[in-house]
Amino acid sequence: TREDRRILARRGIVIGRESIFMPALLKPNALELRARLWAAQRGLIAPPPLPPAGRTWVRRQDEDLASSEFLESLGYRVLGWIAVRADILERIAAHAWTVAKKGPFTPPSDLLNLAGCGPSELAAVLAALGFERTQKGEASAFRPRRRRREKDRVGPARARRAGRSGDSPFAVLREMVDGGVIGGARPRRR
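Residues numbered from 1 in each chain as written. Predicted model: local features only at pLDDT ≥ 70, side-chain atom pairs only at ≥ 80, totals over all residues. Heavy atoms only, no water.

Chemist: Requested: an account of the overall build of the protein chain, with residues and values cited.
Modeler: From N to C terminus, the protein chain includes eight helices and seven strands. In the protein chain, which comprises 190 residues, the share counted as buried stands at 34%. (Helix = DSSP H or I, 4+ residues; strand = E, 2+ residues; numbered from the N terminus. Buried < 20%, exposed > 50% of the residue type's maximum accessible area, 1.4 Å probe, protein only.)

In structure tokens form, the structure reads like this:
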């Protein structure tokens with residue numbers, strides 16, 4: 001609910017279009033601690049190397065199966081062969097969807113600057129965000145992927161049932177809010 005979102009926002013939790021994250025946990029000291037905790041939980045002496053300070057994206061090493069899990073634990077979203085820090089991914093998504101309202105678009109330079117990567121990396125990010133590449137004259141452009149046919153879409157009732165799944169991050173957040181762990185909220189009557 002709106003009130004739940006306000007409570008989470010006051011606690012520093014961002015519910016974005018693509019991710020749920022805490023910006024405070026994306027800072028260098030927090031990343032180092034998270035990496036050490038990740039390694040300790042797996043019985044490792046030291047964690048894998050952290051992404052360079054200030055780096056908002058990294059290439060994922062396909063042969064290193066732990067890299068994807070490790071990067072996710074640090075707050076990076078793995079999108080195929082590239083991983084993007086959650087806060088930057090949210091900003092890219094917001095900007096791309098805003099620009100896409102006007103029709104197919106060639107990524108503007110401010111979007112490339114925001115992503116901090118080159119055109120091929122940004123193309124991979126946009127593809128993971130639900131955009132497809134099209135030809136616009138001589139240049140390639142992006143547009144939102146076409147929606148699935150109506151019979152293939154998940155209806156509201158099915159989506160609500162899926163949201164009550166114990167595996168859903170929203171179900172876990174609901175339990176934390178209802179249990180008073182977040183925001184000192186009173187348990188809700190159902």
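Still to come is the rest of the account.
Chemist: Describe the pattern of salt bridges, with residues and values.
Modeler: Pairs can form between side chains of opposite charge once their charged atoms are near each other. This structure, assessed with the given rule, holds seven salt bridges. For the salt bridge of arginine 10 with glutamate 3, the shortest nitrogen-to-oxygen distance reads 3.8 Å. Residue arginine 42 is joined to glutamate 69 by a salt bridge in which the shortest nitrogen-to-oxygen separation is 2.1 Å. With a gap of 27 residues between them, arginine 42 in the loop between helix 2 (28-41) and strand 3 (57-59) and glutamate 69 in helix 3 (residues 65-74) connect regions that are remote in the sequence. (Salt bridge = Lys/Arg side-chain N within 4 Å of Asp/Glu carboxyl O.)

Chemist: Give me the lowdown on the confidence of the model for the protein chain, citing residues and values where you can.
Modeler: With 78% of its residues at a pLDDT of at least 70, the protein chain reaches an overall mean of 80. Predicted confidence in the protein chain is weakest over helix 7 (residues 156-163), with a mean pLDDT of 53, and strongest over helix 2, with 92. (pLDDT = per-residue confidence, 0-100.)

Chemist: So, the nonpolar core: which residues are in play, and what are the values?
Modeler: Of all hydrophobic cores here, the largest spans 23 residues; its most connected members are Val84, Ile92, Phe105, Val125 and Phe131. Every element with two or more residues in this core is listed here: strand 5 (82-85), helix 4 (86-100), helix 5 (109-115) and helix 6 (119-128). Top contributing element to this core by residue count: helix 4, with six residues. Setting aside anything within four residues of it in sequence, one finds valine 84 in contact with Thr56, Trp57, Gly75, Tyr76, Arg77, Leu79, Leu89, Ile92 and Val125. With ten residues, the next largest nonpolar core counts Val58, Phe70, Val78 and Ala83 among its residues. (Core = buried A, V, L, I, M, F, W, Y, C linked by side-chain atoms within 4.5 Å. Contact = heavy atoms within 4.5 Å.)

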